[in-house]
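Reading the structure
Given next are the chains, with one letter for each unit.
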Amino acid sequence: MAFVRQNVNLDNEQLKLARRLARESGMPFNAYVRDALERHNAGVTLTAALENSNANLEFLLDQLREENATLRRSLQQDHQRFRDEMKAEQAQAIQNYEDVLRRVLTSLSQPPIKSTGAAKAPAPNPMLAPRA
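Below is a short write-up of the structure. (Residues numbered from 1 in each chain as written. Predicted model: local features only at pLDDT ≥ 70, side-chain atom pairs only at ≥ 80, totals over all residues. Heavy atoms only, no water.)

**A few points about the overall build of the protein**
Rules: Under the scheme used here, helices are H or I runs from DSSP no shorter than 4 residues and strands are E runs no shorter than 2 residues, and both carry numbers assigned from the N terminus. When accessible area is computed with a 1.4 Å probe and restricted to protein chains, residues below 20% of their type maximum are described as buried, those above 50% as exposed, and intermediate ones as partly exposed.
For the protein, the helix and strand inventory stands at three helices and zero strands. Its helices and strands taken in sequence order, the protein reads α-α-α from the N to the C terminus. A buried classification covers 5% of the 132 residues belonging to the protein.

**Brief notes about the nonpolar core**
This is how the line gets drawn: Within this scheme, the nonpolar core is defined by two criteria: the residues are buried Ala, Val, Leu, Ile, Met, Phe, Trp, Tyr or Cys, and they are joined through side-chain atoms within 4.5 Å.
In this structure, Leu15, Ala18, Ala22, Phe29, Tyr32 and Val33 together form the largest nonpolar core, which totals six residues. Elements that contribute at least two residues to this core include exactly helix H2 (12-25) and helix H3 (29-109).

**A word on a nonpolar patch on the surface**
Stated formally: Two distance rules govern patches: like charges are joined within 9 Å, and nonpolar side chains (Val, Leu, Ile, Met, Phe, Trp, Tyr) within 5 Å, applied only to residues with over 30% relative accessible area and no salt bridge. Here, Shrake-Rupley sampling with a 1.4 Å probe gives the accessible areas, and only protein chains in the shown set may cover a residue. Here a salt bridge means any side-chain nitrogen of Lys or Arg lying within 4 Å of a carboxyl oxygen belonging to Asp or Glu.
Together, Tyr97, Val100, Leu101, Val104, Leu105 and Leu108 make up an exposed nonpolar region whose accessible area comes to about 600 Å². Structurally, leucine 105 is set in helix H3.

**Topic: the pattern of salt bridges**
A full pass over the atoms with the stated rule returns six salt bridges. Across the pair arginine 20 and glutamate 24 runs a salt bridge whose closest N-O atoms are separated by 2.8 Å. Taken as a pair, arginine 20 and glutamate 24 lie in helix H2 at a separation of four residues, close to a single helical turn. Overall, arginine 20 belongs to the partly exposed group, its relative accessible area being 38%. Classification of glutamate 24 as exposed rests on a relative accessible area of 55%. In this structure, a network of salt bridges that share partners links the residues Asp78, Arg81 and Glu85.

**Some remarks on H3**
Definition in use: What a helix is expected to span follows from its residue count: subtract one and scale by 1.5 Å.
The terminal C-alpha atoms of H3 lie 117 Å apart, and with 81 residues this matches the ideal 120 Å at 1.5 Å per residue to within 8%. Of all the positions in H3, only Phe29, Tyr32 and Val33 are classed as buried.

**Quick word on H2**
Taking 1.5 Å as the rise per residue, H2 with 14 residues should run 20 Å; its terminal C-alpha atoms sit 20 Å apart, in good agreement. One or two steps after H2, the chain reaches glycine 26, where phi turns positive at roughly 80 degrees.

**As for the layout of surface pockets**
What counts is decided by this rule: Cavities and pockets were defined on a 1 Å grid built over protein atoms only: a cavity is a set of grid points that admits a 1.4 Å probe from which the probe cannot escape, a pocket is an open set flanked by protein on both sides within 12 Å along at least five of seven lines, and lining residues are those with an atom within 4 Å of any such point. Grid points are joined across faces, edges and corners, and a volume is the space filled by probe spheres set on the points. Any residue that is not Ala, Val, Leu, Ile, Met, Phe, Trp, Tyr, Cys, Pro, Asp, Glu, Lys or Arg is counted as polar, Gly included; the first ten are nonpolar and the last four charged.
Quantified by volume, the largest pocket comes out at close to 170 Å³. Lining the largest pocket are ten residues, with Leu10, Gln14, Ala18, Tyr32 and Ala36 positioned closest to its centre. For the lining of the largest pocket, the elements supplying multiple residues, two or more each, are H2 and H3. Class assignment for the residues of the lining of the largest pocket results in nine nonpolar, one polar and no charged.

Structural data, given as structure tokens:
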């Protein structure tokens, strides 16, 4: 018992409680204390492992959040760039259409050019000739 008192560092109340619990469980006192210490050490080891695992998971979660934010910014920049490119292409297509339309309207509004040469008579179309 002196070994337990010196090495486990129990006060008198804790020592009395340990004796009572050992009697109730039907185990010798030293075996009960050894078993309790093993359970305590296993619990402490498990708690430390869980805390380490939790810290590691929080670190990974922080990394994922940063990567997600980076990807989101990149996606927004790409979307804005594609939108700007599409607007520029549409503006260019509209400008080309307006230029072509202006040239067509200008050519239609000018009087036809009279040629000085004699106009050729159209060749008769055999498909339109009356049947004999």
